[in-house]
Amino acid sequence: MRLTVDGTTHQVDAEPEMPLLWVLRDELGYTGPKYGCGAGLCGACTVHVGEAAVRSCQLPLAAVDAPVTTIHGVVDAHGRVAAAVLDAWIAHQVAQCGYCQPGQIMQAVDLLAQDPAPGDEAIRAAMWGNLCRCATYPRVLAAIRTAAASLAGDGPARG
Amino acid sequence: MRARTAGSSGTGTGTGPRLVTRRRLLAVSAAVAGGVAFGAWRLAQPHDNPLLDGLADRAAAPTPFVRIDAAGVTLITPRADVGQGIQSLQAHLIAEELDVDPHAVALEPGPVAPAYYNAALMAEGVPFAAWDRGVVATTARTAAAAMAHVLGIHATGGSTSTPDLFDRLRLAGAVARETLKAAAAHVHGVARADLTTAAGAVVLPDGTRVAYSALAAQASTLDPVTDVALRPASAWRHLGRPMARTDMAAKCTGRLAYGADLRPVGPAGGTLFATVRLNPAFDAPMRHHDATAARAMRGVHAVVPFEDGIGVVADNTWRAMQAAEAVQIAWDPPAYPPTTEALWAHLDAAHTPDRRDSRLRDDGDVDAALAGTVLEAEYRVPLAAHAPLEPVNATVLITPERVEVWTATQVPGFARDAVAAALGRDGDTVVLHALPAGGSFGRRLEVREVVLAARLAAAVPGRPVQSTWTRAHEMSRAYPRPPQIGRLKGAVRDGRVHALALDSIAPSMVESWAARLWSAPPGPDAWITIGGHDQPYALPHYRVTGYRAPASLPVASWRAPGATANAFCHEGFLDELIHAAGADPVAERLRLLHHAPSRAVLQAVAEMAGWQGPHLPAGADGPRGRGVAFCLSHGVPAAVLVEVTATDRGIRLDRAWATADIGRVLDPVNAEAQLSGAVLFGLGHAIDGALTLADGHVQQRNFDSHAGLRIDQVPTVEVRLLETGARLRGLGEPGTPPAAPALAAAVFAATGTRLRAMPFADTVDFA
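Residues numbered from 1 in each chain as written. Chains lettered and ligands numbered in written order. Predicted model: local features only at pLDDT ≥ 70, side-chain atom pairs only at ≥ 80, totals over all residues. Heavy atoms only, no water.

Trainee: Got a minute to help me understand the packing of helix α3 (residues 79-91) of chain A against helix α4 (residues 101-114) of chain A in this structure?
Mentor: The description of two packed helices rests on the angle between their axes and on the distance between the axes. Residue and element names in this part refer to chain A. Where α3 contacts α4, the two axes come as close as 9 Å, and the packing angle between them is 135°. Classified by the angle their axes make, α3 and α4 are oblique. For the crossing formed where α3 meets α4, the hand is right-handed. Across the interface between the two elements, V81, A82, V85, L86 and W89 of α3 pack against Q101, Q104, I105, A108, V109, L112 and A113 of α4. (Axes fitted to C-alpha atoms, helices over the stretch in contact; angles between N-to-C directions. Helix = DSSP H or I, 4+ residues; strand = E, 2+ residues; numbered from the N terminus. Parallel < 35°, antiparallel > 145°, perpendicular 65-115°, else oblique. Left-handed = near helix turned anticlockwise from the far one by under 90°. Contact = heavy atoms within 4.5 Å.)

Trainee: Could you clarify how one ought to interpret the packing of aromatic side chains in this entry?
Mentor: Aromatic rings considered in pairs are described by the distance between their centres and by the relative angle of their planes. Residues and elements named next belong to chain B. In this structure the tally under the stated criterion is twelve aromatic pairs over all chains. On the numbers, 5.1 Å between centres and 75° between planes, the contact of Y379 with F568 is edge-to-face. You can see Y379 sitting in strand β14 (residues 375-381) and its partner F568 sitting in helix α16 (residues 563-581), a full 189 residues away along the chain. For Y379, a relative accessible area of 1% puts it in the buried group. Owing to a relative accessible area of 0%, F568 belongs among the buried residues under this scheme. With centroids separated by 5.6 Å and ring planes inclined at 45°, the aromatic side chains of F568 and F760 adopt a geometry described as tilted. You can see F568 sitting in helix α16 and its partner F760 sitting in the segment after α20 (739-751), a full 192 residues away along the chain. We note that F568, like F760, is buried. One aromatic cluster in this structure is built from F282, Y336 and Y479. The ring of W558 has R481 lying over it, and the distance from NZ or CZ to the ring centre is 4.3 Å. (Phe/Tyr/Trp six-rings, centres within 6.5 Å; stacked < 30°, edge-to-face > 60°. Buried < 20%, exposed > 50% of the residue type's maximum accessible area, 1.4 Å probe, protein only. Lys NZ or Arg CZ within 6 Å of the ring centre and 35° of its normal.)

Trainee: Hey, could you run me through the pattern of salt bridges in this one?
Mentor: Oppositely charged side chains can pair when the atoms bearing their charge come close. Counted under the stated rule, the structure contains 54 salt bridges over all chains. Its salt-bridge partner being R139 of chain A, residue E672 of chain B comes within 2.6 Å of it at the nearest N-O pair. Here E672 of chain B, found in helix α19 (residues 668-688), pairs with R139 of chain A, found in helix α6 (residues 137-152), and the two come from separate chains. A salt bridge links R655 of chain B to E643 of chain B, with the nearest nitrogen and oxygen atoms 3.3 Å apart. Linking R655 of chain B in strand β24 (residues 650-661) with E643 of chain B in strand β23 (residues 636-647), this pair joins segments that are twelve residues apart in sequence. With relative accessibility at 3%, the residue E643 of chain B sits in the buried group. Here the salt bridges share partners, and the residues they tie into one network are E97, D99, R177, E178, K181, R192, D227, R231 and R237 of chain B. (Salt bridge = Lys/Arg side-chain N within 4 Å of Asp/Glu carboxyl O.)

Trainee: Would you mind showing me how to read unusual backbone geometry here?
Mentor: Where the residue is not glycine, phi is negative for most of them; where a peptide bond is considered, it is trans in most cases. A cis amide bond, omega 0°, links M758 of chain B with the succeeding residue P759 of chain B. Considering the arrangement of structural elements, one finds P759 of chain B in the segment after α20. Positive phi values are uncommon outside glycine, yet Q93 of chain A reaches one of about 50°. Mapped onto the elements of the fold, Q93 of chain A is located in the loop between α3 and α4. The backbone phi angle of H634 of chain B is positive, close to 55°, even though this residue is not glycine. Relative accessible area serves as the criterion here: at 17%, H634 of chain B is assigned to the buried category.

Trainee: Would you explain α19 of chain B in this entry?
Mentor: Turn by turn, an α-helix covers 3.6 residues, leaving residues three or four places apart pointing in a common direction. All names here are of chain B. Taking 1.5 Å of rise per residue, the 21 residues of α19 would be expected to cover 30 Å, and the 30 Å separating its terminal C-alpha atoms lies within 8% of that figure. Burial analysis of α19 places 17 of its 21 residues in the buried class, which makes it a mostly covered element. For α19, the side-chain oxygen to backbone nitrogen distance between the N-cap and V669 is 3.0 Å, and the N-cap itself is D667. (Expected span 1.5 Å × (residues − 1). Polar contact = N/O pair within 3.5 Å; in protein donor to acceptor, adjacent residues only side chain to side chain.)

Trainee: Quick question: what am I supposed to make of the sheet that holds strand β17 (residues 430-434) of chain B here?
Mentor: For sheets, the rule is that strands pair by backbone hydrogen bonds, running either parallel or antiparallel. All names here are of chain B. Pairing within the open sheet is mixed, and its seven strands lie in the order β10-β11-β8-β18-β15-β16-β17. In this open sheet, the two edge strands, each paired with only one partner strand, are β10 (300-306) and β17. Sheet twist, expressed as the average angle between the axes of neighbouring strands with direction ignored, equals 20°. When β10 meets strand β11 (residues 309-314), the two strands line up antiparallel, connected through six bridges. Across the sheet, residue A302 finds its bridge partner in β11, namely V313. Here helix α9 (residues 317-326) sits on the sheet and contacts β8 (272-278), β10, β11 and β18 (465-468); the angle it forms with β8, its principal contact strand, is near 30°. Seen against the sheet, helix α13 (residues 448-457) touches β8, β10, β11, β15 (393-398), β16 (403-407) and β18 and runs at an angle of roughly 35° to β15. (Pairing = 2+ DSSP bridges.)

Here it is as structure tokens:
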């Protein structure tokens, strides 16, 4: 089947039940989405399918019905929001081991694309499924608040 | 009152432990006597500079940590970055003296080599409290450090990287800088003393800038200039100021390649993908298997049997996982207690005089002090997983000439040697490429995963094989943190804590781990009581005894292993005693602490939180309470204060405060992150971090259990770092031990329920 990832269309020859994560990583070489749990419990594999953040380890290839965006293409796809999120993540020095961060960022971009001014409860609700074993959560919260503030004002925007 | 050390005229009772302690001390003394002469000679001979092997023409490596060629400067950062930010700090330490932008140079982990030994890791392995700077303790530390040098132990762990490398990397930067200046002096006919350096260039007296890369060829012909002086702290431009981590942008944009993101190509083709399926009972054999169906599955290249399971090599990790599950396997049962209850019984049975392993604290007359009315309690610390979010993986390429290994490991030398042994190859033909890790918490001190990857790669010579453990294996088959029982007795008198005795009963993590890697060290295991026997409390009657349970199921390190278990028992029970005495948990600890930096961190955390005792007026959502705890581990006094509300939905963590004294804060931004992260790690695992056994199998298979905190549970965290300690220390672990007892005390204050066993969620609900 044909699969569009970060603006490039690929012909994929894989089992329809293969999770999108493994199509992206091992068939196509998009290694930004990570394998963490294989069960939709950690969020490290989060990508966007169409407009929605999804756990790619839980989505069979056959069910992919829209273009896929990974961390590598998120700035192209979501210019202003993604740029604000990435800038805030770096400004707050969020990452420790960093393995969950592509998923955290994809989830945060999805949140701010839908709700540009989320309160803390909305942030916690949206980010609940993204596990960080280093417990960078206080900085995740701070970075999302900063990104939201920069989107609301004339903050830095690259897109 | 001090913990027992060699030569002290302690007042301990009983002959068993004293004899053991004495033998240990004699052994240490002998090592010192023999080691100084040998060590002095050997220490005077620096290890070979591994960068000189195969160094290109016109490239220079004036120290093992700096390589310069026409393309630019490369800094060697040998300590493994498992998320603690040590790669960035290593680069900044060198850059501080070398005058380069750490973000503008190349960073490499370097080869496995004795030049990168970790002296501090070995030095802290001796059974003396970190605050004990007595002659014998200091001498033993020096002897252990010399052993690390001689043995060339190239390892990361124990929060030792920063103290180990603080001087060494700055010296390396200074040597490289002065050697480059000597090269410039030679080329331009000026005196070295008239030259300065800035931003990767030597600046000539007339202001002309000569890039380091342009001086590489000349520098390669010179002996390194070693008569260098380190810059005073007042001249620092990076250290002590907020830094940007060198890996931050790559991690936030998905560009950083972890082990499973690599796709090397071998002479016979590109990367293949693999996984393993091992007996769910640790290290128990596989009786028989039938891989007929698996071998016929799409993409499968090989099914490889091991003693205790199988591995599958395929063209896609998911296909390898599917095929591994399709293998028909009969397993043998385990050779250890197969249930959680049986494991506790195994520990309980070791609480006998003949299993007594150490008594490194024995002050006053504990037996007499406990003759009257006493409080007694039993604490339990369960098996726990490390569960780094990146499952352990390794990529191995075998060719006739050599073996290449790509993996994230804290013990690259052991990993390389284990691969060589498994393949029957000479260690010199195995090249290990050390990678950044997606978390570790002590997990990457093991090497078997790498060995199994190599055995899978042997089935497909000439092609890289990338073996990734499933989350279920990572959770249930990675060797866990040891379980521990803490049996405590204590007495109070006149509103004060009068006596405390802790019996720590646990298997030896050091014995289990060291036997896997090399060989188990003789003598008592101080880690069974670490975080207990070494606390700077001047209790009148105070005893800490270790009981070593016989080795059973294999156990491993963790984040602050030992200290996390003992701090929970010791501080948890101390809170009980303070409550019984009617004293204030902060004031009574301050009265008992005899170590100024420890007093300072406790005072600071109380001040930050506006501490006025454990009880608070009830909030809108329910009763509130506060708890405080302290632990000195890894040389770092750390205190945690937690505030909770007992809501209708369970205990809610509202606020947390943490303080630690690491002597000198080199990067305040990352230090804050490490302390905050370590505290939250400790809180989360106190709540739900436990592995249980049934039929010898770990029951937890994924993050639906044993997840640590999620973002909706996280309290606000406020951190303050103090710098009064005499020595610079590392901060990856010390925040974890005091977290659980602080939370337990807060829950008691809010609800009256004492939490004496982790996971707390088994006893109370959490929101």
